[in-house]
Amino acid sequence: MRALVYHGPGQKSWDEVPDPTIRDATDVIVRMDATTICGTDLHILKGDVPAVTPGHILGHEGFGTVTEIGPAVSTLVPGDRVIISCITSCGSCSYCHQRLPAHCLASDGASGIGWILGHLIDGTQAEYVRAPFADNSLHKIPDGVSDDAALTLSDILPTGFEIGVRNGRVKPGDVLAVIGTGPVGLAATMTASLYGPSRVIAVDIDDNRVEQARRFGATDGVNSSRTGSKDRILGMTDGLGVDVAIEAVGVPESFELATELVRPGGTVANVGVHGRSVELRLQDLWIKDIAITTGLVSATTTPMLLKLVAQGMLRPDQFVSHHFRFDAILDAYATFARAADTKALKVAITR
Ligand SMILES: [Zn+2]
Ligand SMILES: [Zn+2]
């Protein structure tokens, strides 16, 4: 088969590699119908994720058709169309029992992480993939879920919902600021609607992206690179600040802005992947009764989100901005990496 292989920082290619085979009894083999690229893949290619060693196939998102099942797989049969979750869950370790498979201990007991595809084992940017703990980690695609919508359920929709909206404790009537309007920030914007906020303020440094956020449910938009932007956002509240500030960028400036916008008693939900230390101004924050939350998605809400998508209550197919074939995956990477110019959100790569 062919697959996108990481060859060290800055180096990748679409290589001929051996087909995956069943290794453990709980594995299935999936023929990928579509995959996509995540910001995390770009971090890996920069060399920011040393656990990914050269020779690994990248990718942790996508869907496909089961072609082979291990002897212990009980809920899937060849021919099933399945979404592959970015989180692999054994279902029986202590973290899986706590509904926190983000830290599943089965794959790597030392660090405990459920994100193994395209990280610790070969991933989904390939014609075929071996999916471990398949009964717990794959989701059959119900009728009514389009291919483009299915692509958003591996990672961005559950991540935006669980780490942004749910960790942020969004309640009816809340005023939210979503800082960063990339795919995950927009996924938080879209799924926040499930809790009925009164205002969702999209904050970004790019006018186009601020405007685009309205299609995903933002009621207001502010370009944070303009002077006076913080006061403009505060002016959209009762002056006390937002109830929930969702940080979906991952740089010190955006995190600090989130802590400046949140009102006493509110929540800063960090979703962004940070590569540098941030300044936490506890001298201002200690008295404000705020909560700061962090997390890696556990993807335990994927079945619920799938139901809402199947019923048309959420319409995430609009996340897919570009379509490519597998043999043009390097073009897909180039398009996704220049998102500011190409206006790429999610790029679908199909067989
Ligand atoms: Zn991802
Ligand atoms: Zn587990």
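Residues numbered from 1 in each chain as written. Chains lettered and ligands numbered in written order. Predicted model: local features only at pLDDT ≥ 70, side-chain atom pairs only at ≥ 80, totals over all residues.

Draft legend 1. Spatial organisation of the overall build of the protein. A tally of regular secondary structure across the protein gives 13 helices and 15 strands. Its C-alpha atoms give the protein a radius of gyration of 20 Å, near enough to 20 Å, the size a compact globule of 351 residues would have. The buried share among the 351 residues of the protein stands at 51%. Within the protein, contacts between residues at least 6 apart in sequence are counted, and of these 69% link residues at least 24 apart. (Helix = DSSP H or I, 4+ residues; strand = E, 2+ residues; numbered from the N terminus. Rg over C-alpha atoms; globule rule 2.2 N^0.38 Å. Buried ≥ 20, exposed ≤ 12 C-beta atoms within 10 Å, placed from the backbone. Contact = placed C-beta atoms within 7 Å.)

Draft legend 2. Quick peek at helix 11 (residues 302–310). Every buried residue of helix 11 is accounted for by Thr302, Leu305, Leu306 and Val309. Buried residues of helix 11, seen end-on, are gathered within an arc of 105 degrees and therefore sit on one face of the element. Those residues of helix 11 hidden inside the fold are in contact with strand 7 (138–140), helix 4 (147–151) and helix 5 (156–166). (Arc of directions from axis to C-beta.)

Draft legend 3. Quick look at the nonpolar core. Val30, Leu176, Ala177, Val178, Ile179, Ala245 and Ile246 are the most contacted members of the largest nonpolar core, which totals 106 residues. When residues in this core are grouped by element, the largest group, six residues, is from helix 6 (residues 183–192). Among the domains, domain 1 (2–155 + 298–350) and domain 2 (157–293) are the pair contributing at least three residues each to this core. The contacts of Leu176, once residues within four sequence positions are left out, are Val170, Ala192, Pro197, Arg199, Val200, Ile201, Val242, Asp243, Val244 and Ile246. (Core = buried A, V, L, I, M, F, W, Y, C linked by C-beta atoms within 7 Å. Domains from an automatic or database assignment.)

Draft legend 4. Structural detail: the environment of Arg166. By the secondary structure assignment, Arg166 is in helix 5. Looking at Arg166, the number of C-beta atoms within 10 Å reads 21, which means it is buried. Sequence spacing of Arg166 and Thr191 is 25 residues, and the spatial spacing of their C-alpha atoms is 9.5 Å.

Draft legend 5. How the structure looks around the packing of helix 5 against helix 6. Where helix 5 contacts helix 6, the two axes come as close as 7 Å, and the packing angle between them is 70 degrees. In terms of their interaxial angle, helix 5 and helix 6 are classed as roughly perpendicular. When the axes of helix 5 and helix 6 are compared, the crossing they make is right-handed. Contact residues: helix 5 offers Ile156, Leu157, Thr159, Gly160, Phe161, Gly164 and Val165, while helix 6 offers Pro183, Val184, Ala187, Ala188, Thr191 and Ala192. Of the residues contributing to the contact of helix 5 with helix 6, the split by class is nine nonpolar, four polar and no charged. (Axes fitted to C-alpha atoms, helices over the stretch in contact; angles between N-to-C directions. Parallel < 35°, antiparallel > 145°, perpendicular 65-115°, else oblique. Left-handed = near helix turned anticlockwise from the far one by under 90°. Nonpolar A, V, L, I, M, F, W, Y, C, P; charged D, E, K, R; others polar.)

Draft legend 6. A look at the domain arrangement of the protein. If you check the domain split of the protein, you get domain 1 (2–155 + 298–350) and domain 2 (157–293). The C-alpha-based centres of domain 1 and domain 2 are spaced at 27 Å. Facing the 20 residues of domain 1 at the interface are 15 residues of domain 2. At the level of elements, helix 1 (39–46) and helix 11 are the ones that each hand at least two residues to the side of domain 1 that touches domain 2. Of the residues forming the side of domain 1 that touches domain 2, the biggest block, three residues, is contributed by helix 1.

Draft legend 7. Quick look at helix 6. Here helix 6 lies mainly inside the structure; 10 of its 10 residues are buried. Listed in full, the buried residues belonging to helix 6 are Pro183, Val184, Gly185, Leu186, Ala187, Ala188, Thr189, Met190, Thr191 and Ala192.

Draft legend 8. Molecular detail of the pairing of strand 3 (residues 28–35). Burial analysis of strand 3 places six of its eight residues in the buried class, which makes it a mostly covered element. Both strand 3 and strand 4 (residues 62–69) contribute to a ladder of seven bridges, which runs antiparallel. Bridge pairing in strand 4 links Ile29 to Glu68. With four bridges connecting them, strand 3 and strand 6 (residues 128–131) associate as antiparallel partners. Bridged to Arg31 within strand 6 is Tyr128. In this sheet, strand 15 (residues 346–350) lies alongside strand 3 in antiparallel orientation, the contact comprising two bridges. Considered in strand 15, the bridge of Thr35 is made with Ile349. (Pairing = 2+ DSSP bridges.)

Draft legend 9. Focus on the pairing of strand 5 (residues 81–84). Bridge count between strand 4 and strand 5: three bridges; the pairing is antiparallel. Looking across to strand 5, one finds that Gly64 is bridged to Val82. Examined bridge by bridge, strand 5 and strand 7 share three bridges and lie antiparallel to one another. Following the sheet pairing, Ile83 is matched in strand 7 by His139.

Draft legend 10. Quick peek at the sheet that holds strand 8 (residues 175–179). A sheet is described by the order of its strands in space; here six strands give the open sequence 10-9-8-11-12-13, paired in parallel fashion. The open sheet has two edge strands, strand 10 (220–223) and strand 13 (291–293), and neither has a second partner. Sheet twist, expressed as the average angle between the axes of neighbouring strands with direction ignored, equals 20 degrees. Across four bridges, the pairing between strand 8 and strand 11 (residues 242–247) is parallel. Note that in strand 11 the partner of Ala177 across the bridge is Ala245. Each of strand 8, strand 9 (199–204) and strand 11 touches helix 6; the most contacted strand, strand 8, lies at about 160 degrees to it.

Draft legend 11. Molecular detail of the environment of Val5. Tracing the backbone shows Val5 in strand 1 (residues 2–6). In contact with Val5, other than residues within four places in its own chain, are Lys12, Ser13, Asp15, Val17, Gly55 and Ile57.

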